[in-house]
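This is what each chain is made of:
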Amino acid sequence: MTLSLREWMALSGVKFGTSGARGRVTDMTDRVCEAYTSGFLGYLRRIGDWPDAGGFVAVAGDLRPSTGRIMAAVRRAIRAAGGRPIACGRVPSPAVALLGLERRIPAIMVTGSHIPDDRNGIKFNKSSGEILKDDEAGMMEQAVAWEETAYDGEGAWRGGAEPEPELDEAAGEGYVRRYLEGFPGRPLRGLRLGIYQHSAVGRDLLMRILSGLGAETVPLGRSDRFLPVDTEAIREEDVALARDWAEKERFDAIVSTDGDSDRPLVSDESGRWLRGDVAGILCARFLGAEAVVTPVSSNTAVERTGWFAEVRRTRIGSPYVVAAMNALRAEGRNRVVGYEANGGFLVGADFELPEGRLGALPTRDAVIVMLGVLMQARREGRSVSEAVAALPGRWTASDRLTEFPVERSRAIMERLGGSDAEGRTAAVERVLGGVVGDRVADVDLTDGVRATFRRGEVVHLRPSGNAPEFRCYTEADTEARAVSLCAAVLGQLRDAEEGG
């Protein structure tokens, strides 16, 4: 039987979000995962990015319980397509992406990132880097055939469990080498860092990198159970853990990542987690970036610093950031970087620095953010908190409503994003004006609905691209106001949903 990948999406409920295909584990059957992989490889062959036979594909995954089964399905699909899978094991998304870039081969990461472990996903990288939105459109038109008798009625592979493949450690080792060779001289010497490990797939590699760069590293909070740590909507328990660890120990910072270790968490010495779009500014400054790409949801302090020749705004999601970085390079910009409010940082060029050399890695990476924040603070002779305090005084906050019906999200977007500017302004004022206590100055529909009010406060509403969640981003002149405004807006939307 043959179906297009678009038809597979409709049948399975597993769709493309901002970071690849994601869905419920029960929907991501062996048959569905093999179909997605086959469609990806068929598309690569069509555009000349993968050979007709014998091509290598790097495969890795995170630590959630369903990942091993899905990795096996991905490897089967590669072999069925005439390819040779490289089993990279459980390593960070940027590690397997880096291997693909270095060897000029595709790379596939099985991960649901920060979302709960009843969901999972597959992230696809071409030989030149992660797939973009145009690539997704091309993949969806690929015809995928399968042998129905190979699967049971639930879509599970009938062939039984396969032996574990021989592990190729090149991805993990290459990722460690990127930083230890890139920054010689132990530039973190004298720093004491807490490493919040939880269930992050890169937790052991992170310890090796930071200690190898000279820091004293203390492991914290390791978990054998998967924890959905979200670097953009930080859980209250993670806020409390960092604060308690900082009170009990003397740390210069505490660092962590999300599940697939491509997005960072960095705290100051008191255990206060930095917002990703604040850490991104400091990291871009450390690298001496000429041009910065960041989504519309990121803190406007980046423009107010005056540090960068150009700041380009995009829709939310790394594919949009990568596309804009590519455009800037084509226009002649050389020292290009991108970052997101979730902390993901993308290095779009090679950088020569006083501390060493860093090669391009145009996909989300957590480690460079940690190093950038710590080394930039050290350059300035400041603590992390002092480096943050020296930035322009704009504060952002974000949170989400989980298990929020997609239909409800769509209705809110349609209500607020009217057909004309006057109608949009009026609709936003009706829904949010009372909560904010101000009139609307501008409504931006680049991605979701982003309302700027006359006193400069911002409320940005957007459905998640990866899960049935509804996200809110706010910006204000004080942290307390940004946090309280975000809570008030989500509270109003939650009450409206519960009230029908």
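Thresholds, definitions, all that
Residues numbered from 1 in each chain as written. Predicted model: local features only at pLDDT ≥ 70, side-chain atom pairs only at ≥ 80, totals over all residues. Heavy atoms only, no water. Salt bridge = Lys/Arg side-chain N within 4 Å of Asp/Glu carboxyl O. Buried < 20%, exposed > 50% of the residue type's maximum accessible area, 1.4 Å probe, protein only. Pairing = 2+ DSSP bridges. Helix = DSSP H or I, 4+ residues; strand = E, 2+ residues; numbered from the N terminus. Axes fitted to C-alpha atoms, helices over the stretch in contact; angles between N-to-C directions. Phe/Tyr/Trp six-rings, centres within 6.5 Å; stacked < 30°, edge-to-face > 60°. Core = buried A, V, L, I, M, F, W, Y, C linked by side-chain atoms within 4.5 Å. Contact = heavy atoms within 4.5 Å.

**Student:** Honestly, the pattern of salt bridges in this entry has me stumped. Any pointers?
**Tutor:** When the charged atoms of two side chains with opposite charge come close together, those side chains can pair. A complete count under the given rule lists 45 salt bridges for this structure. The partner of Glu 469 in a salt bridge is Arg 471, with the nearest N and O atoms 3.7 Å apart. Neither residue differs from the other here; Glu 469 and Arg 471 are each classed as buried. Put simply, Asp 230, Glu 232, Asp 258, Arg 263, Arg 400, Glu 469 and Arg 471 are held in one network by salt bridges that share partners.

**Student:** So what exactly am I meant to see when it comes to the sheet that holds strand E20 (residues 361–365) here?
**Tutor:** Each strand in a sheet pairs with another by means of backbone hydrogen bonds, the pair being arranged parallel or else antiparallel. Strand order in the open sheet formed by 5 strands is E15-E14-E16-E17-E20, with mixed pairing between adjacent strands. Since the sheet does not close on itself, it has two edges, and those belong to strand E15 (310–314) and E20, each with one partner. Within this sheet the neighbouring strands show an average axis-to-axis angle of 20°, counted without direction. Inspection of the sheet shows strand E14 (residues 291–295) paired to strand E16 (residues 336–339) by 3 bridges, in the parallel sense. The partner of Val 293 across the bridge, within E16, is Gly 338.

**Student:** Looking at this model, I keep getting lost on the packing of aromatic side chains. Mind explaining?
**Tutor:** How two aromatic rings sit relative to each other is given by the distance of their centres and the angle of their planes. What the rule picks out here adds up to 9 aromatic pairs. Ring plane angle 40° and centroid distance 6.3 Å describe the contact between Phe 183 and Phe 286, whose orientation is recorded as tilted. Of this pair, Phe 183 sits in the loop between helix H6 (170–182) and strand E10 (192–198) while Phe 286 sits in helix H9 (residues 276–287), and the two are 103 residues apart along the sequence. For Phe 183, a relative accessible area of 1% translates into the label buried. Residue classification places Phe 286 among the buried residues on the basis of a relative accessible area of 1%. Summarising the aromatic geometry, the rings of Phe 404 and Phe 470 are spaced 5.4 Å apart at their centres and angled 35° between planes, so their arrangement reads as tilted. With Phe 404 in the loop between strand E21 (395–401) and helix H14 (406–416) and Phe 470 in strand E25 (residues 470–476), the pair connects residues that are 66 residues apart, well separated along the chain. Take Phe 470: its relative accessible area is 0%, and that puts it in the buried class.

**Student:** Sorry if this is basic, but what is going on with the nonpolar core here?
**Tutor:** One recurring pattern in soluble globular proteins: nonpolar side chains tend to sit buried together. Ranked by size, the top nonpolar core spans 69 residues in total, and within it Leu 188, Leu 287 and Phe 345 carry the most contacts. Among the elements that take part in this core, helix H12 (residues 367–380) stands out by supplying 9 residues, more than any other. What Leu 287 contacts, discounting residues up to four positions off in sequence, is Arg 335, Val 337, Phe 345, Val 347, Phe 351, Leu 353, Leu 358 and Ile 368. One finds Leu 44, Trp 50, Val 59 and Tyr 151 within the second-largest nonpolar core, a separate group that totals 35 residues.

**Student:** Can you walk me through the pairing of strand E3 (residues 20–24) in this structure?
**Tutor:** One face of the sheet, then the other: side chains in a regular strand alternate in exactly this way. Counting buried residues in E3 gives 4 out of 5 residues, a clear majority hidden from the surface. Bridge analysis of strand E2 (residues 15–17) against E3 gives 3 bridges, and the strand direction is antiparallel. Bridging from a neighbouring strand, Lys 15 pairs with Arg 22 of E3. For E3 and strand E7 (residues 119–126), the ladder comprises 4 bridges, and the chain directions are antiparallel. The residue bridging Gly 23 from the neighbouring strand is Asn 120, located in E7.

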